[in-house]
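The chain contents come next:
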Amino acid sequence: GAGVSQTPSNKVTEKGKYVELRCDPISGHTALYWYRQSLGQGPEFLIYFQGTGAADDSGLPNDRFFAVRPEGSVSTLKIQRTERGDSAMYLCASSPGTGGEQYFGPGTRLTVT
Amino acid sequence: LAKTTQPISMDSYEGQEVNITCSHNNIATNDYITWYQQFPSQGPRFIIQGYKTKVTNEVASLFIPADRKSSTLSLPRVSLSDTAVYYCLVERGNTGFQKLVFGTGTRLLVSP
């Protein structure tokens, strides 16, 4: 079946602009995670959804970052007033339940100029 | 969760067996050891998970000694396509939600 998909694959934006990154999890997966990965580093946790609600958003770096999952499937990560330091690969993962293997998407590479 | 330490990089040749060791000295009783693989421009992919002794699947083997303070990922007869970053993680068991904590991983380069 289809894996986790993320759009766009690449996004270039200017400092100060607003961006939205989309994640389509594997069908039927109730858990959805967002991670951010800087060059040469491992992924860092941002936020976790169980169904429609954000169960843990402790990894969001500040209030410019926000994520939603209104219908318990597709999720959107929103970044306001982007800064050059936000440049990174943003990864989405899903899993069937609250535990178990996480299936990652290919990521969205965000570049803030 | 226990911090993990693994080599920054390793080199190998096609056909050789590669062993990547990870230390997790402060692992707790209900923690599991999980390994993920990541190719450039892709998300990480689950390889294997274990609690103790030995686990084997079609991709790799995982060896965990009795004290569980370290683990070794073994890749038999590597090929060029095994060039990737390998992450060792410790996951808390029986808690449901898992916030995966990745280190910097081990960059494996397989040469012809």
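Refer to the preceding data block for the structure.
In this text, all values refer to a predicted model and were calculated from it rather than measured experimentally. (Residues numbered from 1 in each chain as written. Chains lettered and ligands numbered in written order. Predicted model: local features only at pLDDT ≥ 70, side-chain atom pairs only at ≥ 80, totals over all residues. Heavy atoms only, no water.)

**A look at the sheet that holds strand 5 (residues 53-56) of chain B**
Residues and elements named next belong to chain B. Pairing is antiparallel across the open sheet formed by four strands, whose spatial order is 2-7-6-5. With partners counted over all chains shown, the strands left at the sheet margins are strand 2 (18-23) and strand 5, one partner each. Direction aside, the axes of adjacent strands within the sheet are offset by 15 degrees on average. As defined by bridge partners, strand 5 adjoins strand 6 (residues 61-64) across four bridges and the pair is classed as antiparallel. What sits directly across from Val 55, in strand 6, is Leu 62. (Pairing = 2+ DSSP bridges. Helix = DSSP H or I, 4+ residues; strand = E, 2+ residues; numbered from the N terminus. Axes fitted to C-alpha atoms, helices over the stretch in contact; angles between N-to-C directions.)

**Some details on the packing of aromatic side chains**
Enumeration according to the criterion identifies eleven aromatic pairs over all chains in this entry. Taking the centre distance of 5.4 Å and the plane angle of 45 degrees together, the rings of A:Tyr35 and A:Phe104 count as tilted. A residue pair is termed long-range when its members are at least 10 positions apart, and A:Tyr35 in strand 4 (residues 31-37) and A:Phe104 in strand 10 (residues 103-104) qualify at 69 residues. Taken as a pair, A:Tyr35 and A:Phe104 share a single burial class, namely buried. Centre to centre, the rings of A:Tyr35 and B:Phe102 are 6.1 Å apart; their planes meet at 90 degrees, and the pair counts as edge-to-face. Residue A:Tyr35 is found in strand 4, and its partner B:Phe102 is found in the loop between strand 8 (84-92) and strand 9 (106-111); the two belong to separate chains. Among the residues examined, A:Tyr35 registers a relative accessible area of 0% and is labelled buried. (Phe/Tyr/Trp six-rings, centres within 6.5 Å; stacked < 30°, edge-to-face > 60°. Buried < 20%, exposed > 50% of the residue type's maximum accessible area, 1.4 Å probe, protein only.)

**As for the side chain of A:Arg64**
All names here are of chain A. With respect to the helices, strands and loops of the structure, Arg 64 is situated in the loop between strand 6 (53-56) and strand 7 (65-68). With relative accessibility at 6%, the residue Arg 64 sits in the buried group. For Arg 64, the contacting residues outside a window of four places in its chain are Lys 78, Ile 79, Gln 80, Arg 81, Thr 82, Glu 83 and Asp 86. (Contact = heavy atoms within 4.5 Å.)

**A word on the sheet that holds strand 3 (residues 31-38) of chain B**
Residues and elements named next belong to chain B. Taking strand neighbours across the sheet as the criterion, the five strands line up as 1-9-8-3-4 in an open arrangement whose pairing is mixed. If you trace the sheet from one side to the other, it starts and ends with strand 1 (9-13) and strand 4 (45-50), each paired once. Across this sheet, the average inter-strand angle for adjacent strands is 25 degrees, counted without regard to direction. In terms of strand pairing, strand 8 meets strand 9 through three bridges, oriented antiparallel. Residue pairing in the sheet places Ala 84 in a bridge with Leu 108 of strand 9.

**Thoughts on the state of the cysteines**
Defined simply, a disulfide is a covalent bond joining two cysteines at their sulfur atoms. Residue and element names in this part refer to chain A. This model, assessed by the stated rule, comprises two disulfides over all chains. Through a disulfide, Cys 23 is tied to Cys 92; the S-S separation comes to 1.8 Å. Where Cys 23 bonds to Cys 92 through sulfur, the torsion about that S-S bond is close to -65 degrees, and the disulfide is left-handed. On the criterion of sequence distance, the pair formed by Cys 23 in strand 3 (residues 19-24) and Cys 92 in strand 9 (residues 88-95) is long-range, its members being 69 residues apart. Overall, Cys 23 belongs to the buried group, its relative accessible area being 0%. (Disulfide = S-S within 2.5 Å.)

**So, the interface of chain A and chain B**
The interface of chain A with chain B comprises 20 residues on the first partner and 17 residues on the second. For the chain A and chain B pair, buried surface summed over both sides reaches about 1,400 Å², with 57% attributable to carbon and sulfur atoms. Looking at the side of chain A facing chain B, the largest losses of area belong to A:Pro43, A:Glu101 and A:Phe104, adding up to 27% of the total buried there. Between chain A and chain B we count zero salt bridges in total. (Buried area = accessible area lost by both parts, 1.4 Å probe. Salt bridge = Lys/Arg side-chain N within 4 Å of Asp/Glu carboxyl O.)

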